[in-house]
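Now for the letters of each chain:
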Amino acid sequence: MFADSAKIFIKSGKGGDGHVSFRRELFVAAGGPDGGDGGKGGDIIFEVDEGLNTLTDFRMKRKYVAGDGEPGGKRRCHGADAKNLIIKVPEGTVIKDFESGKVIADMSGENRREVILRGGKGGFGNMNFATATMQVPKFAKPGQPGKEMFVLLELKVIADVGLVGFPNVGKSTLLSRVSNAKPKIANYHFTTLDPHLGVVDVKGAGGFVMADIPGLIEGASEGVGLGHDFLRHIERTKVLVHVVDAASTEGRDPVEDIKTIMNELKGYDESLLDRPQVIAANKIDAIYDEENDNIKRIREAFPDIKVFPISGVSGKGIPELLYELVNILSTIDRTPTVFEKEFEIDYSSDKNLPFTVEIDEDGVFVVEGPRIEKMLGYTNLDSEKGFDFFQKFLKTSGVLEKLEEAGIEDGNTVRMYGHEFDYYK
């Protein structure tokens, strides 16, 4: 079954925790800390696979989780990095944040591989925190957590020319006649429920890719029927061909059909109507006069758009239509439309920097670690605002909780890098 959209869950791997250990060997004086760093968590990477043309696989599997990095070890041993998880998608897949609908990446054009979620960095072992004033660091940095999110995958076909129109007007027949595509053809509504692509070779004039966009109906831009599922595939096309039943074999008015389709395109994305358009007045094999009243009315109603009477069955008029499409494409930029990135993943966080709480021989509660040192570096404790921030930090960072677990009582002294305070709950 063709699938052109899917919601999946992705999660990058957690970084391995840093290790706390001290070198203790015979004949090695003051060995010091030797805890190694943790390994990096696995990335979530999306990659274009030329052999895929639908998102069907994502209906079977909806959860993708990369591995975690290994923790560090003693003797400065670095934990192993986790393997990256590579997710294969067809060209033209747009990856969006499910909550906001914003584009994270468009796997089109030159963008064949992209890291969507980076794995967490491995934590530093305690060997990294030794200084002249802190020679026995008893803490290590935990690995950064991975990122997780739901994303929406949308497949938008990449074609130079898109055939649009109501169901059963002959789009599939036209595509099968001019290209190598083999769409299902029958005389009933919604024969085509997924877009078909075909390569059209025009003798002496090169070629282009044509897409049969499934039949639109009134209200498609508002999601009626399969409206949005169909309309998304028009977004990348460079030229639009309105295919209408000029013979009115089912009693439809081709002029009103074109107006309706234009309104649906405008309702979905107004810029679609700025693209070059032509009209293919199909099924002239079913009428006696090529310039019947319907074709005359179409020309009068749309004087700025070229009209080509054609027959998808007999092939009459099709060469003229194809040469016109080649001529239009030669005057415009055919570089595939690539949707710009709108959503950035936020990796900034200091919440996992480590700290320790210990009691020295004088009964003072000593709080140390890079998280505390970093906070004190940008906080002015002499100002009222700065001290309020400091108190809030102690509560939200878990420092007060750790002090209480260590048995602190009212009146006890707390020391943090040269700053001493009396504790009162």
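As a starting point, this report considers the structure included with it. (Residues numbered from 1 in each chain as written. Predicted model: local features only at pLDDT ≥ 70, side-chain atom pairs only at ≥ 80, totals over all residues. Heavy atoms only, no water.)

**Here's the deal with the overall build of the chain**
Point 1. Helix and strand content of the chain: 9 helices and 18 strands.
Point 2. Taken across its 425 residues, the chain has 49% of its residues classed as buried.
Point 3. If you take every contact in the chain between residues at least 6 apart in sequence, the share linking residues at least 24 apart comes to 71%.
Point 4. Accessible surface for the chain amounts to roughly 21900 Å². Of this, 49% is attributable to carbon and sulfur atoms. (Helix = DSSP H or I, 4+ residues; strand = E, 2+ residues; numbered from the N terminus. Buried < 20%, exposed > 50% of the residue type's maximum accessible area, 1.4 Å probe, protein only. Contact = heavy atoms within 4.5 Å. Areas by Shrake-Rupley, 256 points an atom, 1.4 Å probe, with all protein chains shown as cover.)

**Brief notes about the sheet that holds strand E3 (residues 63-65)**
Point 1. Taken in spatial order, the 5 strands line up as E3-E1-E8-E5-E6 in an open sheet, and their pairing is mixed. Of all the strands in the sheet, just E3 and strand E6 (103-107) have a single pairing partner and so form its edges. For this sheet the average axis-to-axis angle between neighbouring strands, irrespective of direction, equals 25°.
Point 2. Bridge count for strand E5 (residues 93-97) against strand E8 (residues 148-155) is 5 bridges, and the pairing is antiparallel. Its bridge partner lying in E8, aspartate 97 is registered against valine 151. (Pairing = 2+ DSSP bridges. Axes fitted to C-alpha atoms, helices over the stretch in contact; angles between N-to-C directions.)

**Remarks on the side chain of aspartate 212**
Point 1. Tracing the backbone shows aspartate 212 in strand E11 (residues 206-212).
Point 2. Although buried, aspartate 212 forms no salt bridge, and the nearest oppositely charged side chain, lysine 171, lies 4.5 Å from it.
Point 3. In terms of polar contacts, aspartate 212 uses its side chain to reach the side chain of serine 172, at 2.7 Å. (Lys, Arg positive; Asp, Glu negative; His and termini not counted. Salt bridge = Lys/Arg side-chain N within 4 Å of Asp/Glu carboxyl O. Polar contact = N/O pair within 3.5 Å; in protein donor to acceptor, adjacent residues only side chain to side chain.)

**Observations regarding the packing of helix H2 (residues 171-178) against helix H6 (residues 318-329)**
Point 1. Viewed as axis vectors pointing N to C, H2 and H6 meet at an angle of 80°, and their least axial separation amounts to 12 Å. Between H2 and H6, the crossing angle belongs to the class labelled roughly perpendicular. Contacts between H2 and H6 involve Leu174, Arg177 and Val178 from the former and Ile318, Leu321 and Leu322 from the latter.
Point 2. Per-class residue counts for the contact of H2 with H6 are 5 nonpolar, no polar and 1 charged. (Parallel < 35°, antiparallel > 145°, perpendicular 65-115°, else oblique. Nonpolar A, V, L, I, M, F, W, Y, C, P; charged D, E, K, R; others polar.)

**Notes on helix H4 (residues 254-268)**
Point 1. An ideal rise of 1.5 Å per residue puts 21 Å on 15 residues; H4 measures up with 21 Å between its terminal C-alpha atoms.
Point 2. Measuring from the backbone nitrogen of valine 255 back to the side-chain oxygen at the start of H4 gives 3.0 Å, which picks out aspartate 253 as the cap. (Expected span 1.5 Å × (residues − 1).)

**Points about the side chain of aspartate 257**
Point 1. Position of aspartate 257 relative to the elements: it lies in helix H4.
Point 2. When neighbours within four sequence positions are excluded, aspartate 257 is seen to be in contact with Phe166 and Arg252.

**Describing helix H5 (residues 293-301)**
Point 1. The complete set of buried residues in H5 reads Asn294, Ile295 and Ile298. Along the axis of H5, the buried positions cluster into a sector of 100°, meaning they face one direction only. For H5, exposure combined with an orientation more than 90 degrees from the buried face picks out Asp293 and Glu300.
Point 2. In the core, the buried residues of H5 are packed alongside strand E12 (239-245), H4, strand E13 (277-282) and strand E14 (306-309). (Arc of directions from axis to C-beta.)

**A few points about the sheet that holds strand E16 (residues 365-368)**
Point 1. Taken in spatial order, the 4 strands make up an open sheet running E15-E16-E17-E18, and their pairing is mixed. Each of the sheet's edge strands pairs with one partner strand only, and the pair in question is strand E15 (356-359) and strand E18 (419-422). Between one strand axis and the next, the sheet turns by 25° as a mean value, whatever way the strands run.
Point 2. Strand direction decides the pairing type here: E16 and strand E17 (residues 413-416), joined by 2 bridges, are parallel. When the bridges of E17 are listed, phenylalanine 365 appears paired with valine 414.

**Notes on the nonpolar core**
Point 1. Residues Phe208, Met210, Leu322 and Leu325 are the most contacted members of the largest nonpolar core, which totals 36 residues.
Point 2. Residue assignment for this core shows that the elements contributing at least two residues are strand E9 (161-164), H2, strand E10 (196-202), E11, E12, H4, E13 and H6.
Point 3. Here the element with the most residues in this core is H6; it accounts for 7 residues.
Point 4. When neighbours within four sequence positions are excluded, leucine 325 is seen to be in contact with Val161, Phe208, Met210, Val239, Val241 and Val278. (Core = buried A, V, L, I, M, F, W, Y, C linked by side-chain atoms within 4.5 Å.)

**Re unusual backbone geometry**
Point 1. Within the chain, arginine 76 stands out as a residue other than glycine whose phi angle is a positive 60°.
Point 2. According to the relative accessible area criterion, arginine 76 is exposed, its value standing at 54%.
Point 3. A positive phi angle, near 70°, is found at lysine 283, a position not held by glycine.
Point 4. Within the secondary structure, lysine 283 sits in the loop between E13 and H5.

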